[in-house]
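The primary structure of each chain is shown beneath.
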Amino acid sequence: MLRTGVILGLATAASFALLGGAGTRAATSPASAMGKCAATKLKAAATKANGKVVCRANAAQRGAQTDSSCLQRQTDKFNRSFASAETHPPCATTGDRDAIESKVDAFVADLANELVQTAGADRCAAAKMKAAGKKAKGKLTCKAKAAQTGRPVDQNCLNRETAKFNTAWTNAESHPPCNTTGDRDTIENKVDAFVNDVMMELPATTTTTTTTTTTTTVATTTQTTVTSTTVTTGTTTTGPTTTVTTTTATTTTAPTTTVTTTTTTTTTIVALPCALSVPTCGGSCPAGQVCAAAVPAGCGCVTTTTTTLPPCCSAQQVKLVSSQGTLTVDGLPSFTFPAGVKTTLDVGPPDGVCQHDVIIPPGGFDVPTFPITALNACSAVVPLGCESGGNDGGGVMWDGGAALGVAQDDTTKHGDTSDGVCDTSTGGCNTNPGGAGANSDGDIDTIYSASGVGGVHVRFDVPVESITWIDSGCQPPTDACCAGAAPDPGETILSDFVFILSPTTGTATAQFVDKNADGCSFAGSGPAGPSSLTGSPAPGPCCVVGQASNVAAAGVAFTGGGPLYDLLFSSSVPSTIAECNAPVALGQCVVTSDPCKQ
């Protein structure tokens, strides 16, 4: 939930660095609607748990009372997310918001009781609480991915969260004084119990997955084949009632090559076009399907397709250089954004669905200062670094081994200038002093969804400062004149704000949304939106020098000042892979722990 200023360089800068380091994967079935509902609820619980832990940890670090408004912001976000999930049925469970909320609150209170043992400032306890909160959020997010994709929970994802927790805990106890020590396992057990409890309460109950693997040793070539069979069956009723998914995998391994064949059969019980005689099936089916006794309830119409899939790509370092792009701010004419943005992406190893963690190292995001001719000004975008971790940014990449529907790089920003939580102004929906448009407070929610095309998908976040000013030495402003320029004393600053830049190869959408129904979603130029641009992933299959992608960015900005005040922006910037290098040790990045900037 990010509140920003004139985001003149925002969208453009964001669009500069997109990874093109992996290949395409052929189609598989999208996640079930019930799985998506469960995933949304799990993510809501994860965000609330971590957010409330951070509220309490910040208080412990200062030796102060917990900020009640901080806690309330987390509750409000949770309620909105839960309501949104249940307004997009089907959901396997409904009416369980209060039950999950109680579990989250009990977990947070239990952590505080275990770790906060003094009324004074306790940095060690604060660090431990944050580690526990991040682990809970991380593990619930791993489980949410599984619910959304209909796949088993990725053990590598869970193991990464445990490793991060252990590292953070050790770091906390290596900086005494600590009022409690040797309690890592106790807290870890509490986190795991909480995660499992929430997961049991929010299942995607219509899907069961069984995997059988047989391994032999031979010499052969690399190949992956997926056979997907969909069976439709049922009784005299109509509409889906249950889904059973069975996956059988046979893997043949040689010293240097691997062959994997996977057959996936998805059975949905609905009204049947063929007879229910078991075990012999009869009757007619649509063209291309046959009637078969393939499901526990009887017969169904079966369609089988076979697709070849590439393996996941390995860890690597990718360097990108942008070419000329475009930026649109509010109703101003679109203008050209200069070439030359350089981005370094340190890409970690893949998990079970070919998803990689991405870190932008220090100095890995370099944006040239550029002119905004419509404002007669120069503008600079300066990376500020992650809140913790020592890097410039972080994100996620899905390589060519990721199935269609797995990459969550479609990015939507919803902004509210007067949400009543992040912004509490009382001067009305206007740009007058005290009005909602006259400050830089507000709420921005970022929502991710699946992209429906193949290729190498990337999204990442970089905290930056955007400064736009009228440079007395650059009149009129040009690329050459603004390059390397900085504001001098006495020059007019049009905007100076901090925000999180979020470029993507998917579709970027932004709009103002009245989240608290006070009749005020923006005050200023707007427009309300939505405004959308669609990027394009590199073809892959892995990092290939010279491959191109297009990065889109869209967002809302609360500038707090004229002439535009609250506005929308969008950008489209092409980039090319300049280098594919050996992997480096992957660092860490917590972009922000501020709930109003997430």
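The present account deals with the structure reproduced in this document.

**Topic: the sheet that holds strand 21 (residues 507–512)**
(1) Moving on: Read across the sheet, 4 strands follow the order 18-17-21-22 without closing on themselves; strand pairing throughout is mixed. Unpaired on one side and paired on the other, strand 18 (443–449) and strand 22 (531–534) mark the two borders of the sheet. Here the average twist between neighbouring strands, direction ignored, is 15°.

**Brief notes about the pairing of strand 8 (residues 316–322)**
(1) Moving on: Across the 7 residues that make up strand 8, a large majority, 5, are buried.
(2) Moving on: Where strand 8 and strand 11 (residues 342–347) come together, 6 bridges link them in antiparallel fashion. Note on strand 11: the bridge partner recorded for Leu-320 is Thr-343.
(3) Moving on: Here strand 8 runs beside strand 25 (residues 566–581); their pairing, made up of 6 bridges, is antiparallel. Within strand 25, the position partnered with Val-321 by the bridge is Thr-576.

**Some thoughts on the nonpolar core**
(1) Moving on: Phe-107, Ile-187 and Phe-194 are the most contacted members of the largest nonpolar core, which has 34 residues in total.
(2) Moving on: When contributions to this core are tallied by element, the ones reaching two or more residues are helix 2 (33–62), helix 3 (68–86), helix 4 (97–115), helix 5 (123–149), helix 6 (155–173) and helix 7 (184–201).
(3) Moving on: For this core, the leading source of residues is helix 2, giving 9 residues.
(4) Moving on: If you look at the next biggest cluster of nonpolar residues, it comprises 32 residues, including Phe-335, Phe-337, Ile-360 and Ala-557.

**Thoughts on the pattern of salt bridges**
(1) Moving on: All chains considered together, the criterion is met by 23 salt bridges.
(2) Moving on: Among the salt bridges present, the one from Asp-192 reaches Lys-139, with a minimum N-O distance of 3.2 Å. On the criterion of sequence distance, the pair formed by Asp-192 in helix 7 and Lys-139 in helix 5 is long-range, its members being 53 residues apart.
(3) Moving on: Here the residues in one salt-bridge network are Lys-48, Lys-52, Glu-101 and Asp-105, joined through shared partners.

**Here's the deal with the side chain of Asp-419**
(1) Moving on: Residue placement: Asp-419 occurs in the loop between strand 17 (410–416) and strand 18.
(2) Moving on: Although buried, Asp-419 forms no salt bridge, and the nearest oppositely charged side chain, Arg-80, lies 5.2 Å from it.
(3) Moving on: Polar contacts involving the side chain of Asp-419 include one to the main-chain amide nitrogen of Cys-422, which spans 2.9 Å.
(4) Moving on: Within the structure, Asp-419 has its side chain in polar contact with the backbone nitrogen of Asp-423 (distance 2.8 Å).
(5) Moving on: Not counting chain neighbours up to four residues away, the residues in contact with Asp-419 comprise Asp-443 and Asn-516.

About the cut-offs
Residues numbered from 1 in each chain as written. Predicted model: local features only at pLDDT ≥ 70, side-chain atom pairs only at ≥ 80, totals over all residues. Heavy atoms only, no water. Pairing = 2+ DSSP bridges. Helix = DSSP H or I, 4+ residues; strand = E, 2+ residues; numbered from the N terminus. Axes fitted to C-alpha atoms, helices over the stretch in contact; angles between N-to-C directions. Buried < 20%, exposed > 50% of the residue type's maximum accessible area, 1.4 Å probe, protein only. Core = buried A, V, L, I, M, F, W, Y, C linked by side-chain atoms within 4.5 Å. Salt bridge = Lys/Arg side-chain N within 4 Å of Asp/Glu carboxyl O. Lys, Arg positive; Asp, Glu negative; His and termini not counted. Polar contact = N/O pair within 3.5 Å; in protein donor to acceptor, adjacent residues only side chain to side chain. Contact = heavy atoms within 4.5 Å.

Shape is all these values report; function is a separate question.
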